[in-house]
Amino acid sequence: MSKAHLSKDKLLELRADLSAGDEKKDKAAGRRRLALRTLIASMAAGVDMTALFPDILRVFPVSDYEGKKLCYHYIVHYARFSPGDAKKALPTIRNDAETGDSFHKLLALRALADVHIVEFSNALRKVIEALLDDDAANVRAAAAMAVAKLHAHNASAVDVDQVLLERLSGLLKSDNMLVSCSALNAWRDISSRSTSSSCPLVFADALRFVSRLGQCPEMSQAGVLDAIMQITPETHQEAADLVEHVLPRLQHSNSSVVLAAVRLLYYLGHYLASERDVLQIYAKMGPPLVTLLSKSPELQFVALRNIELIIQVSPECLSDAVEAFFCKFSDPPFVKLAKVEIMVRLANVKTVDMVLHELVEYAGEVDVDLVRKVIRSIGRLALRIKGSATACTATIEQLMDTGVSYVTEEAILVVRDILRSTTASDELSTSLGALRTVIGRADDIQQPASRAALAWLLGDYSMHVNEAAPLLQRMCSTFSDETSEVQLSLLTAAVKLFLQQPQAGQFLVLETLKKATQEAHDPDVRDRGFMYWRLLSTDLAASKAAVIRPNTRPPQPEIDKVDEVKLQALALEIGTLASLYHKDPASLLRGGRSRAISASRALRRAPGPQSPTERSSAQPSTNFSNKNPFMSATDRPVAEVSHHGSLHGLGNTDVEIFDQTYTSVDRSKSDEVESMSSTMRDLIDLRL
């Protein structure tokens, strides 16, 4: 990025003010302070001030407190652009660190630690060794943190003889909490980057830290709570003692301290004696987490993303607080989306009607992303909560009456998912009513995923909807212009229509097969077209048994189900960047490492399947869709559909399954089936 440059006249004016007379004269000192303030303000605004580096070096040794602070700020900022000039300031910095008062020592430490030049790093080690024994507690604390900074950009200078690390370990037992907290935070920073250096914290020290946490500086408390996670309790009582002292931190006004306390309590919960004790801790987490929603929108979003993880670990801790997550008119869009997600996860049989009513209110918002999220959430409620499908489907049908195109596009996806999992007759009747409403607004559907869902519904429920055949024929007329996802769904829908209504679908299926095999550019579409063509021309009864789904739908996998191992890893990162993105630290940061529950005699069984048998049984069953090579992409469970819904080459297992299906069909065909087969062969012979 290009920098602005100071005018020549202004540059000369600042240079004259910086060179004004003796600093003991109030007027001259005032001019220098004003010039330094102007210089720093211009620097912050992006103006290039490197030309004044020699003038700064002249006034650097003789400046007063304010002037010295501004000079240090200038040197640290421009050292990377002009390292040669920065080295000229090194004698004065050393002198401040050795003979200055506490104020000058702190400034010198900061400058030496923040400038990544070899000469500065070499000087920093000597200064740290001297200041770790300084009389002032704030200087010792700053020296402890400087050890971590030195290790960050020159680890060999710290690890070479372990002297600094040993002295840092000694500061952990200091009676001054400012010093001991700084030493602990420094150790935490070092151990997070180094595999050879680990924090020497023991249980007695950890208990002393948490018992005196109120005496620690506010900004250090979150770091202390995080560092204590390196302790592995060996007995249930040790974990209970730590929990007892950490619980009051949930009432802290600082959001980072609250989230750090929640993270530590989740970790310690694995070492408590019983599950009942853990549930009691989770119950105490609820009110402090809700209190975080009174913060600024940015902090609200951070809190909501972490709450989303916590309620997956223990939904009971906030099951009675669903109203606290209702959206406000003044909430920004990103907060509203996060609140809707949590509302859906917290909804149960008692609160589903209240949540559904609230979601309908949000469906009238002008934010398109929020409206789409709301409609998808209504569909999730229908699938998650038993007995709510009828009310949710009626609500979707009501929303479609608004005539908004993106509402209809999302609604068709919801109706498809509900119909796939519906077995009750009343729910099926309501869902089919919503399907007829969707068909009436089919011209508004332009999104490929929604058009694919509509094609699947028309093929699967053509016997229940009179408008299915003409609408499917109209959609197939633009087959070549559709995406591969839509083409695959249209092809399967045309075959299903023919198998269920031969007279209405015989010409449509031939036209669609011809376009799929001769005009389609996607090899998956062509392969499926040839497969259907060969199958239909061979045996209609076997085709119907393989392509048409049975009336009893396979149960859909739980859409909100989260892998317990991944959930545990994310819960151990509550309050960090990983919990914000819901991703593993290793995928976010170079060199990032995930936390883990350490083995101990006090450790109860960790969550998640442990043995290979348990791991396989924990996965949702998808045998129904995987074993049927003729199942359309839309028929497969949502979690198993490939990127474009394609069917790749059939393996030996798939061929054996088809042979079993084929031989199991009753060979005594009815007259209707014989007529369909004869007509199909004749039409295919003509086409070929």
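Residues numbered from 1 in each chain as written. Predicted model: local features only at pLDDT ≥ 70, side-chain atom pairs only at ≥ 80, totals over all residues. Heavy atoms only, no water.

### Quick look at the overall build of the protein chain
From N to C terminus, the protein chain includes 37 helices and two strands. Expressed as a percentage of the 688 residues in the protein chain, the buried residues total 52%. Approximately 32000 Å² of the protein chain is accessible, and the part contributed by carbon and sulfur atoms is 52%. (Helix = DSSP H or I, 4+ residues; strand = E, 2+ residues; numbered from the N terminus. Buried < 20%, exposed > 50% of the residue type's maximum accessible area, 1.4 Å probe, protein only. Areas by Shrake-Rupley, 256 points an atom, 1.4 Å probe, with all protein chains shown as cover.)

### Quick look at the packing of helix H28 (residues 502–518) against helix H29 (residues 523–538)
Across the interface, H28 lies against H29 with an axial gap of 8 Å and an inter-helix angle of 140°. The angle between the axes of H28 and H29 places the two elements in the oblique class. Crossing angle aside, the handedness with which H28 passes H29 is left-handed. Counted together, Val509, Leu513, Lys514, Ala516 and Thr517 of H28 and Val525, Arg526, Gly529, Phe530, Tyr532, Trp533 and Leu536 of H29 form the full contact between these two elements. Looking at the contact of H28 with H29, its residues break down into eight nonpolar, two polar and two charged. (Axes fitted to C-alpha atoms, helices over the stretch in contact; angles between N-to-C directions. Parallel < 35°, antiparallel > 145°, perpendicular 65-115°, else oblique. Left-handed = near helix turned anticlockwise from the far one by under 90°. Contact = heavy atoms within 4.5 Å. Nonpolar A, V, L, I, M, F, W, Y, C, P; charged D, E, K, R; others polar.)

### As for the packing of aromatic side chains
In the structure shown here, the tally under the stated rule is eight aromatic pairs. Taking 4.9 Å as the distance between ring centres and 85° as the angle between the ring planes, the aromatic pair formed by Phe60 and Tyr72 counts as edge-to-face. Taken together, the residues span a long stretch of sequence, with Phe60 in the loop between helix H3 (53–59) and helix H4 (65–78) and Tyr72 in helix H4 at a distance of twelve residues. Aromatic side chains Tyr78 and Phe81 sit 6.0 Å apart centroid to centroid with 55° between the ring planes, which places their arrangement in the tilted category. (Phe/Tyr/Trp six-rings, centres within 6.5 Å; stacked < 30°, edge-to-face > 60°.)

### Comments concerning unusual backbone geometry
In this structure, His582 takes a positive phi of about 55° despite not being glycine. You can see His582 is positioned in the loop between helix H32 (577–581) and helix H33 (585–588).

### Focus on the environment of Ala493
Structurally, Ala493 is set in helix H27 (residues 484–500). Among residues more than four places away in sequence, those in contact with Ala493 are Ala455, Gly459 and Leu472.

### Structural notes on the nonpolar core
The biggest cluster of nonpolar side chains holds 207 residues, and the ones touching the most others in it are Tyr74 and Leu454. Considering each element in turn, this core owes the most residues, eleven residues, to helix H16 (residues 255–269). Excluding anything up to four places from it in sequence, Leu454 contacts Ile412, Val438, Ile439, Ala442, Ile445, Leu471 and Met475. (Core = buried A, V, L, I, M, F, W, Y, C linked by side-chain atoms within 4.5 Å.)

### Some remarks on the packing of H16 against helix H17 (residues 275–291)
Packing of H16 against H17 leaves a shortest axis separation of 10 Å and a crossing angle of 170°. Here H16 lies roughly antiparallel to H17, going by the angle between them. Residues Val258, Leu259, Val262, Leu265, Tyr266 and Gly269 of H16 touch H17, and the partners they reach there are Val278, Ile281, Tyr282, Met285, Pro288 and Leu289.

### A look at H16
If you check H16, its first and last C-alpha atoms are 21 Å apart, about what 15 residues at 1.5 Å a residue would give, namely 21 Å. The buried fraction of H16 amounts to 14 of the 15 residues, a majority that puts the element mostly inside the structure. (Expected span 1.5 Å × (residues − 1).)

### Concerning a nonpolar patch on the surface
Together, Leu577, Tyr581 and Leu589 give the surface a local cluster of nonpolar side chains, amounting to about 310 Å² of exposed area. Residue position: Tyr581 is located in helix H32. Note on Tyr581: relative accessible area 49%, which makes it partly exposed. (Patch = residues over 30% accessible without salt bridge, like charges linked within 9 Å, V, L, I, M, F, W, Y side chains within 5 Å. Salt bridge = Lys/Arg side-chain N within 4 Å of Asp/Glu carboxyl O.)

### A few points about the side chain of Lys496
The residue Lys496 is located in helix H27 in this model. Judged by its relative accessible area of 1%, Lys496 falls in the buried class. Of the polar contacts made by the side chain of Lys496, one reaches the side chain of Asp460; its length is 2.8 Å. (Polar contact = N/O pair within 3.5 Å; in protein donor to acceptor, adjacent residues only side chain to side chain.)

### What about the confidence of the model for the protein chain?
When pLDDT is averaged across the protein chain, the result is 80; 83% of the residues are at 70 or more. pLDDT under 50 marks residues 607–688. Its contacts with residues more than four places away, or in other chains, come to 115 contacts. (pLDDT = per-residue confidence, 0-100.)

### Quick word on the pattern of salt bridges
Counted under the stated rule, the structure contains 34 salt bridges. Its salt-bridge partner being Arg110, residue Asp114 comes within 3.8 Å of it at the nearest N-O pair. With Asp114 and Arg110 both in helix H7 (residues 102–114), this residue pair falls four residues apart, about one helical turn. For Arg110, a relative accessible area of 34% translates into the label partly exposed. When the shortest N-O distance is used, the salt bridge between Arg420 and Asp417 registers 3.7 Å.

### Some remarks on the environment of Thr408
Structurally, Thr408 is set in helix H23 (residues 405–421). With 37 residues separating them along the chain, Thr408 and Ile445 place their C-alpha atoms 6.9 Å apart. Apart from residues lying up to four places away in sequence, Thr408 is in contact with Met400, Arg441 and Ile445.

### Remarks on H29
A rise of 1.5 Å per residue sets the reference length of H29, with its 16 residues, at 22 Å; its end C-alpha atoms lie 23 Å apart and thus fit the reference within 8%. Three or more residues of H29 are buried, namely Asp524, Val525, Arg528, Gly529, Met531, Tyr532, Trp533, Leu535 and Leu536. N-capping of H29 is provided by Asp522, with a side-chain oxygen placed 2.9 Å from the backbone N of Asp524.

### Comments concerning the side chain of Arg125
On the secondary structure map, Arg125 appears in helix H8 (residues 118–131). Note on Arg125: relative accessible area 15%, which makes it buried. Within the structure, Arg125 has its side chain in polar contact with the backbone oxygen of Ala157 (distance 2.5 Å). The contacts of Arg125, once residues within four sequence positions are left out, are Leu150, Ala157, Val158, Val160, Asp161, Val163 and Leu164.

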